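This is what each chain is made of:
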Amino acid sequence: MKLMIKRTLLLALLTVAVGATAVADKGMWLPSLISSRIKDMRSKGFRLTAEDIYSINKASLKDAVVLFDGGCTGEIVSPEGLLLTNHHCGYDAIQALSSVDHDYLTDGYWAKSRSGELPCKGLQVAILVRMEDITDRLAGGESAEAIVAAAKAEGKGYAAAVEQMYYGNEQYLFVYRVFDDVRLVGTPPSSIGKFGGDTDNWIWPRHTGDFSVFRIYASPDNEPAAYSKANVPYRPARHFEISTRGVGEGDFTMIYGFPGNTQEYITSDAVDYIANLSDPVKIALRTERLDIIREAQQRDAKVRIQYAAKHATIANAWKKWQGEVLGIRRLGTLDKKRAYEARFAAENPSQAFLLDSLHAAYERNITGYYLRELFNETLRAIEMPQMVRFAMTARDHERKRTVAAEFYKNYDAGIDRAIARRMMSEFVRLAPEGTVPDALSALFAAHGGAEAYADYIYDNSSMTTFDGLVGGDASADAAAEFVAAVEPLYEHASRYAYRNLSNVPDIERWYRPYVKALMEWDRERAFFPDANLTLRVAYGKVAGYEYADGEYHRPQTTLEGIIAKDNPDIYDYDIPQSLRDVYSSKQYGRWGIDLDSRRTVPVCFIATNHTTGGNSGSPVLNGRGELIGINFDRTWLSTMSDVEFDEDMCRNIIVDIRYVLFVIDRIGGAGYLLDEMRLK
């Protein structure tokens, strides 16, 4: 009886909190509870119903959204399984299909028919079947394992997981259908899809055509199936209609995707760690690695292809962390958190112990979590020893050969050696006192220091080539001593392998009662669960912003911006000649618009939607639920929105769907794909 009373009270508190008036366009809302937001959404221009967004009784917009490759979002845009996502989300798959002779990264690729659609080994997409609040079921004694097992048995290709909301105050079951046969249909060259490269990453104004085109295939009975020539295009329950009418400042926008990680409710302890220790150290370390890789890529075209995806992966978070630190410091987030906590403690003296407990838990765990992050960014970033470690334990020889072949396809021993020299040295310099394993310290001392030891390994290892690894004895290799010496750090990292410092169990256990107490106390605050790579709705509007005093950034960019940046001498700005030709002729077809007394093509726009990693590739919809763009980034001054959302400055960056269609049609020569779509 007590359990039900407490549960009823908590539900009432959550209903009040979720129903509160949101601050501006902040929030990432569970689709199954979106009815609590519909009134606010409609006041801002939305024209559909809650059931149009999410339903388990009929086809709804959720059925056209996919979790792409386990970390991005995509959207289905035709009744034959045609899928759009970001170029950077499909980057690994495109790279895996590329070679020096068929460089799809540089040149792009467009299938001329279904037979030309290229299978992407290992690429999966998942479509949400349903989400279900199972808090009561778990409290009543059911096990999460049993609930998940039952859900997976409901259909072919089903997967399921239990995810916590509000630090475990609510728990939800998510059930998916997983499709393994996904094929590349088309991708623009990187000079469009990655236009601006690292220089423009996280920056506005932006001119990146960050999209790629895939297709989901299924068995003839429309069920998930492994790749087979007998498979046919998937017939979705719902696909997005596409608006070609364009957008204007103030227009309603809605993001429907899988945001990965926010930390809305963390205390000042975590903010201090992020802004003053973790991010600055990781930024500095990645700068060193990127410099080494970039120099090697500039010298060798083969290396440029080999390390393209690695470079992009390293650089993405590197630049994001820089903006995050700037934003946190600009907003005074640390001081605001401390003031909020002081007010909570003063007005809730009986609950003040929760903050004391959180502070103490952080003190106990900061060093351990930092060591894990440092290890990951230094010693674990050295590639060859990771492969040696794998080879020492691999029992399946064929799997060993397969993994090795994939690894050495994109490996350069000279780059790895240079990184090893720097990262070994930096680990010793930055590791907290007493945390360098004794065996590792002894190896460094015996060889004259960390950098000299790195040279010794690469001078004497036979594991820098495929033949050396599959034909040699990894346990007797020069790298084996290093692998054994750092094993305690692997074990330590596994003990702290949590999404954020705040998710370490010794800390997280105090957040459940703390967040519940906040909900009871701060009735005016709009509470939404932190992002955790589950399907969410965020909404806002098309809006420019004042970047600096007297410097207003408009919300739309155009083809003229691309031409202004075009530079054949810089890889990331060397646009295809076909785009130059179309610009010169002004033969834009139906994709041209009149703007500021000129004929042009829209490229990107920005909006106030609350987004984070995982929202890459998310469909951006208008008030009628029509696709108007593909989300791909945030502005640099927005990246602190994982911790604090600033309605005046936070903007998500979207490739205009009209530019996507323009590139497919006029640059890719694949206009036949548009025949599958419903354009409005």
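Numbering of residues starts from 1 in every chain and runs along the sequence as written. Only residues with pLDDT of at least 70 are given local features in this predicted model, and only at 80 or more are side-chain atom pairs given and counted; all residues enter the totals for whole chains, interfaces and linings. Note: side-chain values were computed over all heavy atoms of the structure, leaving out hydrogens and water.

Here the focus is the nonpolar core. Remark: nonpolar core denotes a set of buried residues (Ala, Val, Leu, Ile, Met, Phe, Trp, Tyr, Cys) joined through side-chain atoms within 4.5 Å. The rule is simple: take the accessible area with a 1.4 Å probe, protein chains only, and divide by the maximum for that residue type; under 20% is buried, over 50% is exposed, in between is partly exposed. Of all hydrophobic cores here, the largest spans 172 residues; its most connected members are Met254 and Met424. Only runs of H or I of at least four residues qualify as helices and only runs of E of at least two qualify as strands under DSSP, and these elements are numbered from the N terminus. Counting residues per element, this core draws most heavily on helix 10 (residues 268–299), which supplies twelve residues. Among all residues touching Met424, those that are not within four sequence positions of it are Leu379, Ile382, Phe444, Ala450, Tyr453, Ala454, Ile457 and Phe482. Grouped together as the second largest cluster of nonpolar side chains are 27 residues, Leu83, Ile94, Tyr104 and Ala308 included. Two residues form a contact once any of their heavy atoms are found within 4.5 Å.

Turning our eyes to something else, we now look at the state of the cysteines. When the sulfur atoms of two cysteines come within 2.5 Å, that pair is taken as a disulfide. Within this structure, the stated rule accounts for one disulfide. Between Cys120, a free cysteine, and Cys89, which holds the nearest cysteine sulfur, the sulfur-to-sulfur gap is 13 Å. The exposure class of Cys120 is buried, given its relative accessible area of 6%. Cys604 forms no disulfide, and the closest cysteine sulfur to it belongs to Cys89, at a distance of 15 Å. Cys604 gets classed as buried once you look at its relative accessible area, which sits at 0%.

By the element assignment, Ser494 lies in helix 22 (residues 487–495). We classify Ser494 as exposed; its relative accessible area is 51%. Spatially, the C-alpha atom of Ser494 lies 8.3 Å from that of Arg372, the residues being 122 residues apart in sequence.

Along strand 19 (residues 602–607), six of the six residues are buried, which leaves the element largely enclosed by surrounding structure. As paired elements, strand 16 (residues 556–558) and strand 19 share two bridges and run antiparallel to each other. What sits directly across from Gln556, in strand 19, is Phe605. Any two strands between which DSSP finds at least two bridges are classified as paired.

Where charged atoms from two side chains of opposite charge approach closely, those side chains can pair. Salt bridge, as applied in this entry: a Lys or Arg side-chain nitrogen positioned within 4 Å of an Asp or Glu carboxyl oxygen. In total, this model carries 55 salt bridges according to the counting rule given. The partner of Asp40 in a salt bridge is Lys44, and the shortest N-O contact between them spans 3.4 Å. With a relative accessible area of 23%, Asp40 lands in the partly exposed category. Between Lys310 and Glu383 there is a salt bridge whose closest N-O contact spans 2.8 Å. Taken together, the positions of Lys310 in helix 12 (residues 308–331) and Glu383 in helix 15 (residues 383–393) put the pair 73 residues apart, joining distant regions of the chain. One connected set of salt bridges, linked through shared partners, spans Glu288, Arg417, Arg421, Arg422, Glu426, Arg429, Glu451, Asp455 and Asp459.

Attention shifts here to the pairing of strand 8 (residues 170–179). Most of strand 8 sits out of view: ten of its ten residues are buried. Burial of strand 8 is two-sided: the residues Glu170, Tyr172, Phe174, Tyr176 and Val178 facing one way and the residues Gln171, Leu173, Val175, Arg177 and Phe179 facing the other way are all buried. With eight bridges joining them, strand 6 (residues 125–133) and strand 8 adopt antiparallel strand pairing. Bridged to Arg130 within strand 8 is Val175.

The way to describe two aromatic rings as a pair is by their centre distance and the angle between their planes. For Phe, Tyr and Trp, rings pair up if their centres lie within 6.5 Å, where Trp contributes its six-membered ring, and each pair is then called stacked (planes under 30 degrees apart), edge-to-face (over 60) or tilted (otherwise). Applying the stated criterion across every chain, the model contains 28 aromatic pairs. Considering the side-chain rings of Tyr453 and Tyr456, the 6.2 Å spacing of their centres and the 20° angle between planes classify their relative orientation as stacked. In this pair, Tyr453 and Tyr456 both sit in helix 19 (residues 450–460), three residues apart, roughly one turn of the helix. According to the relative accessible area criterion, Tyr453 is buried, its value standing at 0%. Owing to a relative accessible area of 31%, Tyr456 belongs among the partly exposed residues under this scheme. Of the aromatic side chains, those joined through ring pairs into one cluster are Tyr167, Tyr340, Phe344, Tyr511, Tyr514 and Trp521. The rule for a charge over a ring is simple: NZ of Lys or CZ of Arg within 6 Å of the ring centre, and within 35 degrees of the ring normal. Between Arg389 and the ring centre of Tyr490, over which it is positioned, the NZ or CZ distance is 3.6 Å. If you follow Lys586 out to its NZ or CZ, it ends over the ring of Tyr583, 3.8 Å from the centre.

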